[in-house]
Amino acid sequence: MDIIIGHINVMGSFVFAISGALVAIREKLDPFGVLIVAFITAVGGGTIRDMLLAERDVFWLFDTTIIYAILAGAIIAMIFKEKLQFFDKPIFFYDAIGLGLFTITGVQIGIDYKLTPLICILLGTVTGVFGGVLRDIIVNEIPVVFQKEIYATASILGGILYLVLVEWNVSNPFLQIIPISSIIITRIVAVKFNISLPTIYKKEQ
Amino acid sequence: MDIIIGHINVMGSFVFAISGALVAIREKLDPFGVLIVAFITAVGGGTIRDMLLAERDVFWLFDTTIIYAILAGAIIAMIFKEKLQFFDKPIFFYDAIGLGLFTITGVQIGIDYKLTPLICILLGTVTGVFGGVLRDIIVNEIPVVFQKEIYATASILGGILYLVLVEWNVSNPFLQIIPISSIIITRIVAVKFNISLPTIYKKEQ
Amino acid sequence: MDIIIGHINVMGSFVFAISGALVAIREKLDPFGVLIVAFITAVGGGTIRDMLLAERDVFWLFDTTIIYAILAGAIIAMIFKEKLQFFDKPIFFYDAIGLGLFTITGVQIGIDYKLTPLICILLGTVTGVFGGVLRDIIVNEIPVVFQKEIYATASILGGILYLVLVEWNVSNPFLQIIPISSIIITRIVAVKFNISLPTIYKKEQ
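Because the structure is predicted, anything quoted here is derived from the model rather than measured.

Conventions and cut-offs
Residues numbered from 1 in each chain as written. Chains lettered and ligands numbered in written order. Predicted model: local features only at pLDDT ≥ 70, side-chain atom pairs only at ≥ 80, totals over all residues. Helix = DSSP H or I, 4+ residues; strand = E, 2+ residues; numbered from the N terminus. Rg over C-alpha atoms; globule rule 2.2 N^0.38 Å. Buried ≥ 20, exposed ≤ 12 C-beta atoms within 10 Å, placed from the backbone. Contact = placed C-beta atoms within 7 Å. Nonpolar A, V, L, I, M, F, W, Y, C, P; charged D, E, K, R; others polar. Least-squares fit on C-alpha atoms with pLDDT ≥ 70 in both. Core = buried A, V, L, I, M, F, W, Y, C linked by C-beta atoms within 7 Å. Axes fitted to C-alpha atoms, helices over the stretch in contact; angles between N-to-C directions. Left-handed = near helix turned anticlockwise from the far one by under 90°. Expected span 1.5 Å × (residues − 1). Parallel < 35°, antiparallel > 145°, perpendicular 65-115°, else oblique. Bend = angle between axes of the 7 residues up to and from the residue. pLDDT = per-residue confidence, 0-100.

Glancing now at the overall build of chain A. Each helix and strand counted, chain A has 7 helices and 0 strands in total. A globule of 205 residues ought to have a C-alpha radius of gyration of about 17 Å, and chain A, at 17 Å, matches this closely. Each principal axis of the C-alpha atoms in chain A carries an extent, and together these give about 55 × 45 × 30 Å. A buried classification covers 52% of the 205 residues belonging to chain A. Partitioning the intrachain contacts of chain A with sequence separation of at least 6 by distance along the chain shows that 70% fall at a separation of at least 24.

Here the focus is the interface of chain A and chain C. Each partner contributes to the interface: chain A provides 19 residues, whereas chain C provides 21 residues. Elements that contribute at least two residues to the side of chain A that touches chain C include exactly helix H2 (31-52), helix H3 (64-79) and helix H5 (117-138) of chain A. Looking at the side of chain A that touches chain C, its residues break down into 12 nonpolar, 2 polar and 5 charged.

A word on the relation of the copies chain A and chain B. With an RMSD of 0.0 Å, the fit of chain A onto chain B corresponds to turning through 120 degrees and sliding 0.0 Å along the axis. Expressed as a symmetry operation, the mapping of one chain copy onto the other fits a three-fold axis. A distinct binding surface is used by each copy, with only 14% of the interface residues of chain A retained as interface residues in chain B.

Take the nonpolar core next. Core analysis: the biggest nonpolar cluster contains 201 residues, and Ala 21 and Ala 38 of chain A, Ala 21 and Ala 38 of chain B together with Ala 21 and Ala 38 of chain C have the highest contact counts within it. Sequence-distant contacts of Ala 21 of chain A, that is, excluding residues within four places in its chain, are made with Val 34, Val 37, Ala 38, Gly 73, Ala 74, Ala 77 and Met 78 of chain A.

All right, on to the interface of chain A and chain B then. Between chain A and chain B, the residue contacts involve 21 residues of the former and 19 residues of the latter. Going through the elements one at a time, H2, H5 and helix H6 (152-167) of chain A are the ones with two or more residues in the side of chain A that touches chain B. Top element by residues in the side of chain A that touches chain B is H5 of chain A. It accounts for 4 residues. By residue class, the composition of the side of chain A that touches chain B is 16 nonpolar, 4 polar and 1 charged.

All right, on to the packing of helix H4 (residues 90-112) of chain B against helix H5 (residues 117-138) of chain B then. Helix-helix packing: each pair is described by the crossing angle between the helix axes and the interaxial distance. All names here are of chain B. Running from N to C, H4 and H5 point in directions that differ by 145 degrees, and their axes come no closer than 7 Å. As H4 packs across H5, the resulting crossing turns out to be right-handed. In this structure, H4 contributes Asp 95, Gly 98, Leu 99, Phe 102, Thr 103, Ile 104, Thr 105, Gly 106, Val 107, Ile 109, Gly 110 and Ile 111 to the contact, and H5 contributes Ile 119, Cys 120, Ile 121, Leu 123, Gly 124, Thr 125, Val 126, Thr 127, Gly 128, Gly 131 and Gly 132. For the contact of H4 with H5, the per-class residue count stands at 11 nonpolar, 11 polar and 1 charged.

This part is about unusual backbone geometry. Residues and elements named next belong to chain C. Despite not being glycine, Lys 114 shows a phi value in the positive range, around 55 degrees. Positionally, Lys 114 belongs in the loop between helix H4 (90-112) and helix H5 (117-138). Residue Lys 114 is classed as exposed on the basis of its 8 C-beta neighbours within 10 Å. Not every positive phi belongs to a glycine, and Asn 169 is a case in point at roughly 55 degrees. Mapped onto the elements of the fold, Asn 169 is located in the loop between helix H6 (152-167) and helix H7 (172-192).

All names here are of chain A. Along the chain, Leu 123 turns up in helix H5. By the C-beta count within 10 Å, which is 26 here, Leu 123 ends up buried. Contacts of Leu 123, omitting those with residues within four sequence positions, involve Arg 49, Gly 106, Val 107, Ile 109, Gly 110 and Leu 115.

This next bit is on helix H1 (residues 2-26) of chain C. The terminal C-alpha atoms of H1 of chain C, which comprises 25 residues, lie 36 Å apart, in line with the 36 Å expected from a rise of 1.5 Å per residue. Phi turns positive one or two residues past the end of H1 of chain C, at Lys 28 of chain C, with a value near 60 degrees.

Moving on to the environment of Gly 124 of chain C. Residue and element names in this part refer to chain C. Assignment of secondary structure puts Gly 124 in helix H5. Once the C-alpha coordinates of Gly 124 and Ala 190 are considered, the two residues, 66 residues apart in sequence, prove to be 20 Å apart. Ignoring any residue separated from it by four or fewer positions in sequence, one finds Gly 124 in contact with Thr 103, Ile 104, Gly 106, Val 107, Gly 110, Ser 155 and Gly 159.

What follows concerns the relation of the copies chain A and chain C. Turning chain A through 120 degrees and shifting it by 0.0 Å along the axis lays it on chain C, with an RMSD of 0.0 Å. Residue by residue, only 16% of the interface of chain A is reproduced at the interface of chain C, so the copies engage with different surfaces.

On to the packing of H5 of chain A against H6 of chain A. Residues and elements named next belong to chain A. It is at 9 Å that the axes of H5 and H6 come closest, and there the two elements cross at 135 degrees. Relative to H6, the element H5 lies oblique. With respect to the hand of their crossing, H5 and H6 are arranged in right-handed fashion. Here Pro 117, Cys 120, Ile 121, Gly 124, Thr 125, Gly 128 and Val 129 of H5 lie close against H6, whose contacting residues are Ala 152, Ser 155, Ile 156, Gly 159, Ile 160 and Leu 163.

Glancing now at H5 of chain B. Residues and elements named next belong to chain B. Over its 22 residues, H5 extends 32 Å from the first C-alpha to the last, a length consistent with the 32 Å expected when each residue adds 1.5 Å. Remark: the principal bend of H5, roughly 40 degrees, maps to Val 129. Within H5, 19 of the 22 residues are buried, which leaves the element mostly enclosed by the surrounding structure. Where H5 ends, the next residue or the one after it, Asn 140, has phi of about 60 degrees, a positive value.

The predicted model of chain A has a mean per-residue pLDDT of 89, with 96% of residues at 70 or higher. The complex prediction reports pTM at 0.89, with the ipTM value standing at 0.84.

So, in structure tokens, the structure goes:
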């Protein structure tokens, strides 16, 4: 299981690095600024997850592959910055993939530490969401998690689905692929069709 | 003592969740946004405190009661959002209670780890203050700790009082109730009567 | 080596406290606000470094000297706030010294933990850079690391130089003094002569 989590960490870092780099490029930062925002976006969520667990070293400290994945993502974003825009909202697209991948690593690590299901889901959401939140705080934007369309909700639903599949003993590639895809698809559908949670405020505002 | 700290953690999380949720409601966030701001406000200070101590797990990871207390606080704030305004400044009111409760947990944990008195007080202030600071950074406000009226000062004075009472072997309910109340009252009096620290700047600015 | 790191931590905390206090004074914060910004600036980078390493206690928890150094820095800044302006950019000056000092502690701790060279350098940069980043986020400025002139680059180059000197078995005072000075001088020269990284954006934007 640790090997799979390791692979997902590398992939998640790569796509989140692209999303972070694209935000930094939009803000016209210099190359090192782009690298730093890519790095914080990529490792932010997983770093907070690992710092919450006292006996756990931060995932990228002993795994240089992750640093290379981030460098690759940031450099690709800098070189192909126009080409990456084949989707109308490329930042959102890479962010959605990262959200799906990292949520599952958080839930699985929660299971490994025998935390309660509620806290496993919370750990998944922290892992999936906080890279993007830090990215947005750093460039002084409203964090993506507070935008109108479903975001944390997608992460939470995917986390619950993963716990159910673990309970049902679903075997290995599907166990991860189904909830990861469900998070990415939920997020893409929410943005495409502008789906948001019901409001708790009166209309006339 | 651990049981008492546990109870105070639950109460502090509850009131800070209300204060966080009220800020998020004022900013018109959707229900999940409100939950997330409530969560960060409630656990922020204690989480930083526990991450500073290498061998200590974060307090809410193994205690689902705290998550329920936060959910309760956030939901109550969403349902009774108009009713909670029986004070003219409800956010400030719940924040003051949380400041009092959490400061004492930080100082006590410092004592448990045999830290020096100065660092015990610092740990109390970090625990009491940082939930509100994170809440305000996230919604892009000036952190409450930098506002004119006495805030960190109340936490520091309460921390010193707690250390003195521990030294005097004051017995259990009073040991906590006296410094917690003193922090809450100091804060309320400071805001009511607009009391602030003397300025270090020249008048004509 | 631990003693030297300890001394550098105290000096770095002192100069970063001055830089943080000067920023807070410019923002007209009250005395406690100045203290808090000084504290966060001084310990921010090293605290994140130590939280990343699971078995490591945060450096200032068991070392009251650092707290005194921060108090001294903040009080000196408050008393001599006009006198400290003998340089036209005093905040930048103390920040540069702190960047040099703290970068080296991060790289050395990485070596102690037998991390790969790439991650040692990264740890040095996190230690050197994040105190100033937190200071700037708190007072709502663009983080210094994203400003035009070379900043993180100076830290990275100094980290590489330190690793090379360690490899060459350079003896003790020079081992630290050379890379620390090189970071400070690089930063000062970059600001004086307005040197920045080449842009990745087209001119006409």
